[in-house]
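# An overview of the molecular structure
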Amino acid sequence: MQLGLVGLGKMGGNMRERLRNAGHTVVGYDRNPDVSDVASLVDLVDRLEAPRTVWVMVPAGAATHGVVQQLATLLKPGDTVVDGGNSRWTDDEKHAKQLGARGIGFVDAGVSGGVWGLKNGYALMVGGEKECVDRLKPVFDALKPEGPYGYVHAGRVGAGHFAKMVHNGIEYAMMQAYAEGWELLEKVDSVDNVREVFRSWQEGTVIRSWLLDLAVDALDDDEHLQKLRGYAEDSGEGRWTVEAAIDNAVPLPAITASLFARFASRQEDSPQMKMVAALRNQFGGHAVESAKQG
């Protein structure tokens, strides 16, 4: 299948490679000419055969809005736009309406996998009309992990990004729980090998997980996380999850507390946030701040 891909950063670039490895033709565009296949969005659209599919992997908000607006003027009826970034689900509804007025289909795809997706595949949560989604199934099959799981048509437009938002909210709470346990183990005098305690949990325990594996990797790199500052950003989806919970009167105490803990990390050098920062770097390649030397 032929696909245009806009945004060739940490995830977009690896997605292009995984799709090409599966035999698909991918024409990529990025503002960085060193990684781009074409010079402009106009060139990208011109290189594609109808019906065209353009997958957008740029930051949520203004950047995505701008690309969608440009594509609305460049694409033709029967073409499809996929937003694979971390857009808010309410934006999906607006984009679908904007493109639909021109006969252009729209699919929202929540994508999880971070910097490991090239090797392991990407979990995909997709929203949109069945006709548009079914046409893109070969692309989804190439991106997802091997086996029966890792892909779902979650529902109508917006459902994919809503599902990914909830996924990230759960991720916040899980990371916070590991971080709190790590700090408590580090605090007491009786436990003198915290890293190996974490490693011992990797097999046979109910809390084993990929995040736990990544925590061990982080501790192997920096046993007491002394190189990191206890500061962790939030990507926005944790906030949106809490806001959606309020709108729907659904109690989310663990997820809400984990979001507030990140806010607290910006007030002081929090030991817990060193672990959260280390985990975000391990699974997603997110930037970390070095501890101040003094």
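So, a few notes on the structure that sits alongside this text. (Residues numbered from 1 in each chain as written. Predicted model: local features only at pLDDT ≥ 70, side-chain atom pairs only at ≥ 80, totals over all residues. Heavy atoms only, no water.)

### Quick look at the environment of methionine 125
By the element assignment, methionine 125 lies in strand β6 (residues 123–127). Owing to a relative accessible area of 11%, methionine 125 belongs among the buried residues under this scheme. Residues methionine 125 and lysine 164 lie 39 residues apart in sequence; the distance between their C-alpha atoms is 6.6 Å. Aside from chain neighbours lying at most four places away, what touches methionine 125 is Asp108, Ala109, Gly110, Ser112, Val152, Gly160, Ala163 and Lys164. (Helix = DSSP H or I, 4+ residues; strand = E, 2+ residues; numbered from the N terminus. Buried < 20%, exposed > 50% of the residue type's maximum accessible area, 1.4 Å probe, protein only. Contact = heavy atoms within 4.5 Å.)

### Some remarks on the packing of aromatic side chains
The description of two aromatic rings rests on the distance between their centres and on the angle between their planes. Under the criterion given, the structure shown has 5 aromatic pairs. Centroid distance phenylalanine 140 to tyrosine 151: 5.4 Å. Interplanar angle 25°. Geometry classified as stacked. Here the residue phenylalanine 140 occupies a position in helix α7 (residues 137–143), and tyrosine 151 occupies one in strand β7 (residues 151–155), the gap between them amounting to 11 residues. An aromatic cluster is built from Trp55, Phe140 and Tyr151, whose rings are joined through pairwise contacts. When the ring centre of tyrosine 172 is taken as reference, the NZ or CZ atom of arginine 262 above it lies at 3.7 Å. (Phe/Tyr/Trp six-rings, centres within 6.5 Å; stacked < 30°, edge-to-face > 60°. Lys NZ or Arg CZ within 6 Å of the ring centre and 35° of its normal.)

### Let's talk about the pairing of strand β5 (residues 105–112)
Of all the 8 residues making up β5, 8 are buried; the element is thus mostly covered by neighbouring parts of the structure. Across the two faces of β5 the burial is the same, with Gly105, Val107, Ala109 and Val111 and Phe106, Asp108, Gly110 and Ser112 all buried. In the sheet, strand β4 (residues 80–83) pairs with β5 via 4 bridges, with the strands oriented parallel. Its bridge partner being in β5, valine 81 is matched across the sheet by phenylalanine 106. (Pairing = 2+ DSSP bridges.)

### Considering the side chain of threonine 53
Note that threonine 53 resides in strand β3 (residues 53–56). Overall, the relative accessible area of 1% leaves threonine 53 in the buried class. Here arginine 135 takes part through its side chain, which lies 3.2 Å from a polar atom of the side chain of threonine 53. With residues near it in sequence (within four places) discarded, threonine 53 still touches Met1, Leu3, Gly4, Leu48, Thr80, Val82, Arg135 and Leu136. (Polar contact = N/O pair within 3.5 Å; in protein donor to acceptor, adjacent residues only side chain to side chain.)

### Some details on the environment of alanine 287
The residue alanine 287 is located in the segment after α13 (271–284) in this model. Taking the C-alpha atoms as reference, alanine 287 lies 30 Å from aspartate 141; in sequence the two are 146 residues apart.

### Observations concerning the sheet that holds β7
If you trace the 7 strands from one edge of the open sheet to the other, you get β2-β1-β3-β4-β5-β6-β7, paired in mixed fashion. The sheet is open, and its two edges are formed by β2 (25–29) and β7, each paired on a single side. For this sheet, the mean inter-axis angle between neighbouring strands, taken without regard to orientation, is 25°. Here 5 bridges tie strand β1 (residues 2–6) to β2, and the two strands are oriented parallel to one another. (Axes fitted to C-alpha atoms, helices over the stretch in contact; angles between N-to-C directions.)

### Section: the nonpolar core
Counting residues in each nonpolar core, the largest one holds 24 residues, and the members touching the most others are Trp182, Phe198, Leu225, Met275 and Leu279. For this core, the secondary-structure elements that each account for two or more residues are α8 (159–187), α9 (194–200), α10 (210–221) and α13. (Core = buried A, V, L, I, M, F, W, Y, C linked by side-chain atoms within 4.5 Å.)

### Concerning the packing of helix α12 (residues 253–265) against α13
For the pair α12 and α13, the least separation of the axes is 10 Å and the interaxial angle reads 105°. Comparing their axes, α13 and α12 come out roughly perpendicular. Residues Ala261, Arg262 and Ser265 of α12 pack against Met273, Val276 and Arg280 of α13. Across the contact of α12 with α13, the residue classes break down as 3 nonpolar, 1 polar and 2 charged. (Parallel < 35°, antiparallel > 145°, perpendicular 65-115°, else oblique. Nonpolar A, V, L, I, M, F, W, Y, C, P; charged D, E, K, R; others polar.)

### A few points about the pattern of salt bridges
According to the stated counting rule, one finds 14 salt bridges in the structure shown. Between arginine 199 and glutamate 196 there is a salt bridge, and its shortest N-O distance comes to 2.9 Å. Of this pair, arginine 199 and glutamate 196 are both found in helix α9, 3 residues apart, which corresponds to roughly one turn of the helix. When its relative accessible area of 29% is taken as the criterion, arginine 199 is described as partly exposed. (Salt bridge = Lys/Arg side-chain N within 4 Å of Asp/Glu carboxyl O.)

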